[in-house]
Amino acid sequence: MKASLAIAIPDSPENLWTTFRSVGSLNVACSFAALLTFVKVIRALRWRLRTTQLRGPPRTSLIYGVSNDLVSSKDSATLYEHWAQEYGAVYMIPSVLGQTRIVLSDPRAIAHFYARESWTYVQTPLSLTLIENIVGRGVLWSQGESHRRQRKALTPAFSNAAIRKLTSVFYDSAYKVKSAWDTDLESSKDGNAVIEVQNWMNHISLDTIGIAGFSHDFGSLDGKHASVTEVFDTFGNNQRASAVNQIFFMLASAFPIIAKLPTKRRKLTKKLHVTMGEISNDLLLRSRREKDVNMKEAEEEKSIIGLLIKAEGQEAELHMSEEEVLAQMRVLLVAGYETTSTSLTVSSLCNNVCVRHSRGNQWALIELSRHPDVQTRLREELLAFGPDPTYDQLKANLPYLDAVVHEILRLHPSVPEFSRRAREDDVIPLSEPVRTESGEMTDSISIAKGSLMVISIRAINRSLAIWGPDAKEFKPDRWLTEDGISGKAKEVQGHRHLLTFVDGPRTCLGKDFAIAEFKVVLSVLVKNFVFEMRDGPDSEIEIVRGLLPRPRIVGEDGIGVPLRIRRYE
């Protein structure tokens, strides 16, 4: 029997064309894949040739590098600091799918980086995607000249003159909380009450930004229901990000399109975006109608909503589109409630506007509860001063209040770390030489276009090498004397040598607003109440990683840190 070889020959011109087309499509796909691979190889070679190769920790995962170690750690800042001690103030860490990130811990390198931020160093693709998903294409999303234009249009609303006029709004909100807590204590049998302060601080922030920014009272401190608070609370109460969400997030750093997949978190983000859009649009329409009736021109141009309406005009020098205006309003709503997104988006939100520090007040009350001597000393200063201080007095006449506030900002920054991508080649100078991968010493590093850069704000703020042996301690006294700040810390360029508000062209626009509100709320509460940890000053606290980092008592399932309060008499 002879073997036969059957060859299928198309029996018509149409089938012949179909066969040819399928083969042609396969060739095109293979050619495209080969070209993409070639381009990636060339880029990788270029990056390696033009970037100083530094030492760093070994890869602990073939897929995730050390990213999973950072995400799963209860204190990623400790990891960053440990690596800086071992490999030098500038080092490399392996990231997702073969990516490499360059970590800056050197003060001179950080100053150089922030000076070129928004131009040479720009937001990562994932950061841009997450920002657009939540607030849209406004001042946070924009870069370069577009960012400068939008920021300049908003700046007058955060001037000292503007904030000075808003101080009474801060006090009104703080005294609403005092009244509510007084009511709780009156109904208490022993004159004590256990209160979860985080929600109260959030409501202070939301009502304040509503009145100060949009001339609208959300009424959350009065118990009024608002759709925006409902969706914010859904974010805040989701205390744990699932393992699947963490994997999605890590992989999205390599493939940002993943951030657009219809996950539960994405659906919640979309709901937040839509809800804030509806509220912002309603506020904008109302303000347009009331513009000529309730506002004088001079006052209008110094309010946030007034500046946005002015920028809408086609003849405006710093014109904004309606999309940009609504995006700015969404940003203020997010900032006015709490930091309500993943760490990457948090970084973008806070480092550009940063008008709220509700978490700062929460941490302040926790630290004062753990350090009753500091709480007593602060109360004595406030009571000795007498009446509620004005904005200028808050800035200049209460040194211990200022010290406590800045110690909280140092130890508990809202943004744990800061990531950017190099848009062009650069050379970064160092304050002290580091050893490269080849063993050579260098006092500057070359950065190639496309490099991923990281600064751990929390690690820098708490660094033993920068702040000295007591860097991890809550010690307000360090701010009261010139030699209280170590020499290395003085090299850190930023507000009071802190990176909490970052630095450079995207430094926190609402820094003074945030600090003024922080001081007002803290002064009112500390003058009138005594705070204690519910289970004693030695209660252990951990940070819960989820949609946002929050403190909680170790061993408890919920979020937040309940505090025991009583009236000061």
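Residues numbered from 1 in each chain as written. Predicted model: local features only at pLDDT ≥ 70, side-chain atom pairs only at ≥ 80, totals over all residues. Heavy atoms only, no water.

Undergrad: Before we move on, can you summarise the nonpolar core with the specific residues and values?
TA: In terms of nonpolar packing, the biggest core is built from 127 residues, with Leu104, Trp181 and Leu522 touching the most fellow members. Discounting chain neighbours no more than four positions away, the residues touching Trp181 are Ile195, Val197, Trp200, Met201, Leu525, Phe529, Phe531 and Ile565. Counting residues in hydrophobic clusters, the runner-up holds 12 residues, among them Val66, Tyr87, Tyr91 and Val103. (Core = buried A, V, L, I, M, F, W, Y, C linked by side-chain atoms within 4.5 Å. Buried < 20%, exposed > 50% of the residue type's maximum accessible area, 1.4 Å probe, protein only. Contact = heavy atoms within 4.5 Å.)

Undergrad: Tell me about unusual backbone geometry, and name the residues and values.
TA: For His497, which is not a glycine, the phi torsion comes out positive at approximately 65°. Relative to the elements of secondary structure, His497 occurs in the loop between helix 21 (464-467) and helix 22 (511-528). His497 gets classed as partly exposed once you look at its relative accessible area, which sits at 26%. Within the chain, Val502 stands out as a residue other than glycine whose phi angle is a positive 50°. Here Val502 shows up in the loop between helix 21 and helix 22. A residue is classified by how much of its surface remains accessible, and Val502, at 2% relative accessible area, is buried. (Helix = DSSP H or I, 4+ residues; strand = E, 2+ residues; numbered from the N terminus.)

Undergrad: A description of the packing of aromatic side chains should follow, citing residues and the corresponding values.
TA: Considering all chains together, one arrives at 13 aromatic pairs under this definition. Judged by centre distance (6.1 Å) and plane angle (90°), the rings of Phe113 and Phe418 are edge-to-face. In this pair, Phe113 sits in helix 4 (residues 107-115) while Phe418 sits in strand 5 (residues 418-422), placing the two residues 305 residues apart along the sequence. We classify Phe113 as buried; its relative accessible area is 0%. Members of the aromatic cluster, each reached through a chain of ring pairs, are Phe113, Tyr114, Tyr121 and Phe418. (Phe/Tyr/Trp six-rings, centres within 6.5 Å; stacked < 30°, edge-to-face > 60°.)

Undergrad: How would you summarise the sheet that holds strand 5 if you had to cite specific residues and measurements?
TA: Taken in spatial order, the 5 strands line up as 1-2-8-5-3 in an open sheet, and their pairing is mixed. In the strand order of this sheet, the two ends are held by strand 1 (90-94) and strand 3 (121-122), each with one partner. With 2 bridges connecting them, strand 3 and strand 5 associate as antiparallel partners. When the bridges of strand 5 are listed, Tyr121 appears paired with Ala422. This element, helix 3 (residues 76-87), spans strand 1, strand 2 (100-104) and strand 8 (452-455) of the sheet and lies at about 120° to strand 1. (Pairing = 2+ DSSP bridges. Axes fitted to C-alpha atoms, helices over the stretch in contact; angles between N-to-C directions.)

Undergrad: Explain the packing of helix 17 (residues 372-385) against helix 22 to me, and be specific about the residues and the numbers.
TA: Their axes nearest at 9 Å, the elements helix 17 and helix 22 cross at an angle of 100°. Comparing the axis directions of helix 17 and helix 22 gives the class roughly perpendicular. Side by side, helix 17 and helix 22 meet where Gln375, Leu378, Arg379, Leu382 and Leu383 of the first sit next to Leu522, Ser523, Val526 and Lys527 of the second. (Parallel < 35°, antiparallel > 145°, perpendicular 65-115°, else oblique.)

Keep in mind that these numbers describe shape and distance, not what the molecule does.
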